[in-house]
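Now for the letters of each chain:
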Amino acid sequence: MGFVEDITKVAVQVRKNADLVVGEQATKLQLILPFLQALGYDIWDPSEVIPESISDAATKKKAGQLEKVDYAIAINDTIVMLLEAKARNEKPEPHSGQLCRYFNAKLSAKVGICTNGVEYRFFTDLGHENMMDKEPFFIFNLFDYQPKDLESLKLFHRDNFDTFAIKIEAEEMVFVKRMAILIGNLLKDPSDDLIRFLIGEFSQFDGGYAIVGKITSKKIQQFKPITKKAIQTCLLELMTRSLTQEMQQPSSLATLPTPPDSTLDDDDSGPNGSALEIVTTEEELAAFEKLKAITATSPAYKFELNHRDTVSYFGINLGKTTWWFLRFYLTPKKKSFITRLPLEEIQPLAAGFEVQEVSASLGGAASRVVISDISDLDKLAPLLLKCYETEAAKH
């Protein structure tokens, strides 16, 4: 089952059961945990979905107990997201401040979530580094979402989690929204400065249409209704042209933005120099060396392999991060890698290994192969070589 189907299934269940759920505890168990599971997190693994997590900066309540965040979400033993739960009938707003305090204390966590099991509000630290913003940068509602919302939600899937990509997406969401409000206000009620600017640009046209002399307040008032009508005409033309082009062209799936290579510094530091707590293990480097030896046998392609480590995965590419062909997930408990090849191409080359269809994809991921140890890579050499040559052929 794919990512969209997983979320759709959860949405159907939540819609069916939401009115029957009473209290915060029931909301967690019956609404929130299925959602986290659809995002690829093992809700039965207490080292990955950590309930009642206590931070170093926790303060005591009246009963003498330390404040807790409802769930801390970890990938490879690093906490990356924090979730505060509200009862189904409450608004998902972090009123108490414990989510904010935990976020500010836990530098590895760059995403805070507040939810009532239906609406999920995602926060980060765009305003001040390591200080949770007061306003969410993304809101996902299981009762009311669009395809573009699903594309954004994919960023938080366990297989895709990348702090850089989330930061870039968050900035774009916030600034596009605010810019749209500013532009919308100007278009509805053009300011005097905008009208003065437009009148001043008349000199660009042939035929002597330039306004001679000083642009007075009276002149601006004269052109205010003209400007509004011109804006309406322009918007209508743009909308008509856009719809015409859309009908003439085949539909295409939207792709998620990939962080530019320039942001991927060798010191594994995030924006503004904040540490991401990423540690490249000896096992990951050993897997990389094995892969280099296997791909060196290719008679057709001689790309120099690069690797990029993230909190979620250890990726292998052909010199650019967007040219990746393998992502390793090597933890003490679980070991696997995902490829860009479809399931039907993987299965014949991975006989004896568990092969899965990837439930959520970012940048073309399609299938996963489960291994017990990196020594299995030698047995899978033909498959790994095919992954490498398929990606190399594109470039």
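Fair warning: this is a prediction, and the values are worked out from it, not measured in the lab.

Caption draft 1: Region of the structure containing unusual backbone geometry. At Asn-76, a residue that is not glycine, the phi angle is positive and equals roughly 55 degrees. Judged by its relative accessible area of 30%, Asn-76 falls in the partly exposed class. One non-glycine residue, Asp-77, lies in the positive phi region at around 70 degrees. Among the structural elements, Asp-77 can be located in the loop between strand 2 (69–75) and strand 3 (78–85).

Caption draft 2: Structural context of the packing of helix 8 (residues 282–295) against helix 11 (residues 381–393). Viewed as axis vectors pointing N to C, helix 8 and helix 11 meet at an angle of 75 degrees, and their least axial separation amounts to 9 Å. Judged by the angle between their axes, helix 8 and helix 11 are roughly perpendicular. In this structure, helix 8 contributes Leu-291, Ile-294 and Thr-295 to the contact, and helix 11 contributes Ala-381, Leu-384, Leu-385 and Tyr-388. Counted by class, the contact of helix 8 with helix 11 contains six nonpolar, one polar and no charged residues.

Caption draft 3: Representation of the confidence of the model for the protein in the model. On average, residues of the protein score 82 in pLDDT, and 84% of them reach the 70 mark or higher. Within the model, the stretch residues 251–275 combines pLDDT values under 50 with 36 contacts to residues more than four positions away or in other chains.

Caption draft 4: Local environment of the sheet that holds strand 9 (residues 324–330). An order of 7-8-9-10-12-11 is seen for the six strands of this open sheet, with the pairing classed as antiparallel. The sheet is open, and its two borders are formed by strand 7 (306–309) and strand 11 (354–357), each paired with just one other strand. Ignoring strand direction, the axes of neighbouring strands in this sheet form an average angle of 20 degrees. By the bridge criterion, four bridges tie strand 7 to strand 8 (residues 314–317) in an arrangement that is antiparallel. Paired with Arg-308 across the bridge in strand 8 is Gly-315. Across the sheet, helix 8 touches strand 7, strand 8, strand 9 and strand 10 (335–339), and the angle it forms with strand 9 is around 145 degrees.

Caption draft 5: Local environment of a nonpolar patch on the surface. A grouping of Met-179, Leu-182, Ile-183, Leu-187, Leu-235 and Leu-238 is seen on the molecular surface, where their side chains present a nonpolar patch of about 520 Å² in accessible area. Mapped by element, the contributors of at least two residues to the nonpolar patch are helix 5 (163–188) and helix 7 (217–248). No other element matches helix 5, which puts four residues into the nonpolar patch. On the secondary structure map, Leu-182 appears in helix 5.

Caption draft 6: Local environment of the sheet that holds strand 4 (residues 111–115). Strand order across the open sheet formed by six strands is 1-2-3-4-5-6, with mixed pairing between neighbours. Every other strand in the sheet has two partners, leaving strand 1 (49–53) and strand 6 (138–141) as the edge strands with one partner each. Within the sheet, the average angular offset between the axes of one strand and its neighbour, ignoring direction, is 25 degrees. Summarising the sheet, strand 4 and strand 5 (residues 119–123) pair through four bridges and their orientation is antiparallel. By the bridge assignment, Gly-112 is partnered in strand 5 with Phe-123. In the packing of helix 3 (residues 98–105) onto the sheet, the strands contacted are strand 1, strand 2, strand 3, strand 4 and strand 5, and the crossing angle to strand 3 comes to about 175 degrees.

Caption draft 7: Region of the structure containing helix 8. Helix length check: helix 8 (14 residues) gives 20 Å between terminal C-alpha atoms against 20 Å at 1.5 Å per residue, within 8%. For helix 8, the full list of buried residues reads Glu-284, Ala-287, Phe-288, Leu-291, Ile-294 and Thr-295. Looking straight down helix 8, one finds that the buried residues subtend no more than 125 degrees of arc, so they occupy a single side. Residues of helix 8 that are buried in the fold lie against strand 7, strand 8, strand 9, helix 10 (376–379) and helix 11.

Caption draft 8: Fine view of the packing of helix 1 (residues 3–17) against helix 2 (residues 24–38). Contact geometry of helix 1 with helix 2 gives a least axis separation of 9 Å together with a crossing angle of 175 degrees. Taken together, the axes of helix 1 and helix 2 lie roughly antiparallel to each other. Between helix 1 and helix 2, the contacting residues are Phe-3, Asp-6, Ile-7, Val-10 and Val-14 on the first element and Leu-31, Pro-34, Phe-35 and Ala-38 on the second. Its residues assigned to classes, the contact of helix 1 with helix 2 comprises eight nonpolar, no polar and one charged.

Caption draft 9: Representation of the pairing of strand 9. The buried count for strand 9 comes to seven of seven residues, which makes it a mostly enclosed element. When strand 8 meets strand 9, the two strands line up antiparallel, connected through four bridges. Among the inter-strand pairings, Ile-316 is bridged to a residue of strand 9, identified as Leu-326. What sits between the antiparallel neighbours strand 8 and strand 9 is a turn of six residues, in which Gly-319 has the positive phi angle 115 degrees. By the bridge criterion, five bridges tie strand 9 to strand 10 in an arrangement that is antiparallel. By the bridge assignment for strand 10, Leu-326 is matched with Thr-339. Between strand 9 and strand 10, which pair antiparallel one after the other, the connecting turn spans four residues.

Caption draft 10: Spatial organisation of the environment of Gly-2. On the secondary structure map, Gly-2 appears in the segment before helix 1. The class for Gly-2 is partly exposed, based on a relative accessible area of 21%.

Caption draft 11: Quick peek at the packing of aromatic side chains. Tallied over the entire structure, the rule returns 12 aromatic pairs. When the ring of Phe-35 is compared with that of Phe-140, the centres are 6.2 Å apart and the planes differ by 35 degrees; the resulting orientation is tilted. Note that Phe-35 is positioned in helix 2 and Phe-140 in strand 6, a separation of 105 residues in sequence. The pair formed by Phe-35 and Phe-140 is uniform in burial state, with each residue classed as buried.

About the criteria used
- Residues numbered from 1 in each chain as written.
- Predicted model: local features only at pLDDT ≥ 70, side-chain atom pairs only at ≥ 80, totals over all residues.
- Heavy atoms only, no water.
- Buried < 20%, exposed > 50% of the residue type's maximum accessible area, 1.4 Å probe, protein only.
- Helix = DSSP H or I, 4+ residues; strand = E, 2+ residues; numbered from the N terminus.
- Axes fitted to C-alpha atoms, helices over the stretch in contact; angles between N-to-C directions.
- Parallel < 35°, antiparallel > 145°, perpendicular 65-115°, else oblique.
- Contact = heavy atoms within 4.5 Å.
- Nonpolar A, V, L, I, M, F, W, Y, C, P; charged D, E, K, R; others polar.
- pLDDT = per-residue confidence, 0-100.
- Pairing = 2+ DSSP bridges.
- Patch = residues over 30% accessible without salt bridge, like charges linked within 9 Å, V, L, I, M, F, W, Y side chains within 5 Å.
- Areas by Shrake-Rupley, 256 points an atom, 1.4 Å probe, with all protein chains shown as cover.
- Salt bridge = Lys/Arg side-chain N within 4 Å of Asp/Glu carboxyl O.
- Expected span 1.5 Å × (residues − 1).
- Arc of directions from axis to C-beta.
- Phe/Tyr/Trp six-rings, centres within 6.5 Å; stacked < 30°, edge-to-face > 60°.

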